Amino acid sequence: MAARFKSPDLTSALLPIMVTERGVLAMLVTAQLLATLLAFAPMSIGSAWERLGLISLFIHLVSTISLAAVYGLKSQLEKLNSNLEILTIIAIFQANTLILSLASQYYISDQIDWTIAGQHCLLGLGMQLFFIYLMSIYAERVETIKALSKVELDALYARIRPHFLNNSLNTIAELTHVDPQAAEQATLNLARLSQAAMRTQQLTTLVDEINLSKQYLAIEAWRFGDKFEVVWHIDSCNLASQVPVLSIQPLLENAVNYGIEPSGNKSQIEVSIFDTDEQIVIKITNPINNFNRSSHSGQGIALSNIKARVELHFGKSASLRTSIQQDQFVSELCIPFGVKA
């Protein structure tokens, strides 16, 4: 049974999957299945349960040692082309099968039968090909999930872009009548925002996302004048960590729309960025009042959009929480800082 790949990318994804917990489990299950079939095969001599114990011990030793060797040589194997990588992995398993077969024969009977060793290698080859086939199916499933996630991410980005583009274009249209120079600068800021939003890579550094958010706020400053101010507290040592593009800006836009625009008084948005043990926390606080409190209870499309995107990128290690604390609406975005751009 040979493993066939629908895409050349699947072979490059095979090795990393083999040395994960799921790969080890698949190897153990495959090995035990083979041991059980051999132990209870018709016309076998002796106790089936004794055979099962001995065969299981032999096959699991081969599997464990071979998989450990593959893990130890992972960096070297990754440098090979896909076909040579698979052939090398099979060769490692076959070499260990042969060595352990000869060693076990010599230990038990003080003699070596190359025919038995050949049979062991042949059975081992079947198990190895079956294991690689299972891993290729799983690798294909992983690639499919990644492709679907990318489609979903693209759809989420497509939903969020028109939202700030509309508001920004309205601001620029108003500025052209009262301050053409400011309108030109706002247009340049909007161009930078649009360029960032349409990048194919959907992760950026935290420092770049902060700068992008400040360009958005510059456009809103022309819209509201001195009606609001933004106070930044940046205490993170992980500004090179990756965050999704347009992760902070929509939170600020939400704060402007629900905290600044409905208010008749000068208001303040507070942005705090700091580190915890394993995460970067981005906390945005803005005022709310009685007549817009009900709007916040629904959280809005922007908040659910960000939550969906960070979970697609980082899984359950990222989160977005919102709360109302003493007439302040608080958004708290937590992102792991283990990945550097």
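Shown above is the structure to which this text applies.
Reading the values: rules and limits
- Residues numbered from 1 in each chain as written.
- Predicted model: local features only at pLDDT ≥ 70, side-chain atom pairs only at ≥ 80, totals over all residues.
- Heavy atoms only, no water.
- Axes fitted to C-alpha atoms, helices over the stretch in contact; angles between N-to-C directions.
- Helix = DSSP H or I, 4+ residues; strand = E, 2+ residues; numbered from the N terminus.
- Parallel < 35°, antiparallel > 145°, perpendicular 65-115°, else oblique.
- Left-handed = near helix turned anticlockwise from the far one by under 90°.
- Contact = heavy atoms within 4.5 Å.
- Nonpolar A, V, L, I, M, F, W, Y, C, P; charged D, E, K, R; others polar.
- Buried < 20%, exposed > 50% of the residue type's maximum accessible area, 1.4 Å probe, protein only.
- Expected span 1.5 Å × (residues − 1).
- Pairing = 2+ DSSP bridges.
- Patch = residues over 30% accessible without salt bridge, like charges linked within 9 Å, V, L, I, M, F, W, Y side chains within 5 Å.
- Areas by Shrake-Rupley, 256 points an atom, 1.4 Å probe, with all protein chains shown as cover.
- Salt bridge = Lys/Arg side-chain N within 4 Å of Asp/Glu carboxyl O.

**Quick word on the packing of helix α8 (residues 206–224) against helix α9 (residues 249–260)**
(1) Moving on: At a closest axis distance of 9 Å, the pairing of α8 and α9 adopts a crossing angle of 25°. In terms of axis orientation, α8 runs roughly parallel to α9. Of the two possible hands of crossing, α8 and α9 adopt the one that is right-handed. On the side of α8, the interface is formed by E209, S213, Y216, L217, E220, R223 and F224, while α9 contributes Q249, L252, E253, V256, N257 and I260.
(2) Moving on: Classifying every residue of the contact of α8 with α9 gives six nonpolar, three polar and four charged.

**Here's the deal with α9**
Every α-helix carries 3.6 residues per turn, so stepping three or four residues along brings you back to the same face.
(1) Moving on: Burial analysis of α9 places eleven of its twelve residues in the buried class, the great majority of the element.
(2) Moving on: All buried positions along α9 are accounted for by Q249, P250, L251, L252, E253, N254, A255, V256, N257, G259 and I260.

**Points about α8**
(1) Moving on: The end-to-end C-alpha distance of α8, which contains 19 residues, comes to 26 Å, matching closely the 27 Å that a straight helix rising 1.5 Å per residue would cover.
(2) Moving on: Buried residues of α8: L206, E209, I210, L212, S213, Y216, L217, I219, E220 and F224, and no others.
(3) Moving on: Phi turns positive, to about 65°, at G225, one or two residues after α8.

**Things to note about the sheet that holds strand β4 (residues 267–275)**
Within a sheet, neighbouring strands are paired by backbone hydrogen bonds and run either parallel or antiparallel to one another.
(1) Moving on: Here we have five strands laid out as an open sheet, ordered β2-β4-β5-β7-β6, and mixed in their pairing. This sheet does not close on itself; its edge strands, each paired only once, are β2 (228–234) and β6 (319–324). Each strand axis lies, on average, 15° off the axis of its neighbour in the sheet, ignoring direction.
(2) Moving on: When strand β5 (residues 279–287) meets strand β7 (residues 328–336), the two strands line up antiparallel, connected through nine bridges. From the neighbouring strand, I282 faces β7, where its bridge partner is L333.
(3) Moving on: Sheet contacts for α8: β2, β4 and β5; angle to β2, the most-contacted strand, approximately 165°.

**Here we look at a nonpolar patch on the surface**
(1) Moving on: Taken together, the side chains of L98, Y106, I112 and W114 make up a nonpolar region of the molecular surface, amounting to roughly 440 Å² of accessible area.
(2) Moving on: With respect to the helices and strands, Y106 occurs in helix α5 (residues 82–109).

**Considerations on unusual backbone geometry**
(1) Moving on: Backbone geometry places Q326, a non-glycine residue, at a positive phi of 50°.
(2) Moving on: Tracing the sequence through the fold places Q326 in the loop between β6 and β7.
(3) Moving on: Of note, D327 is a non-glycine position whose phi angle comes to about 60°, a positive value.
(4) Moving on: Here D327 is to be found in the loop between β6 and β7.
(5) Moving on: For D327, a relative accessible area of 41% puts it in the partly exposed group.

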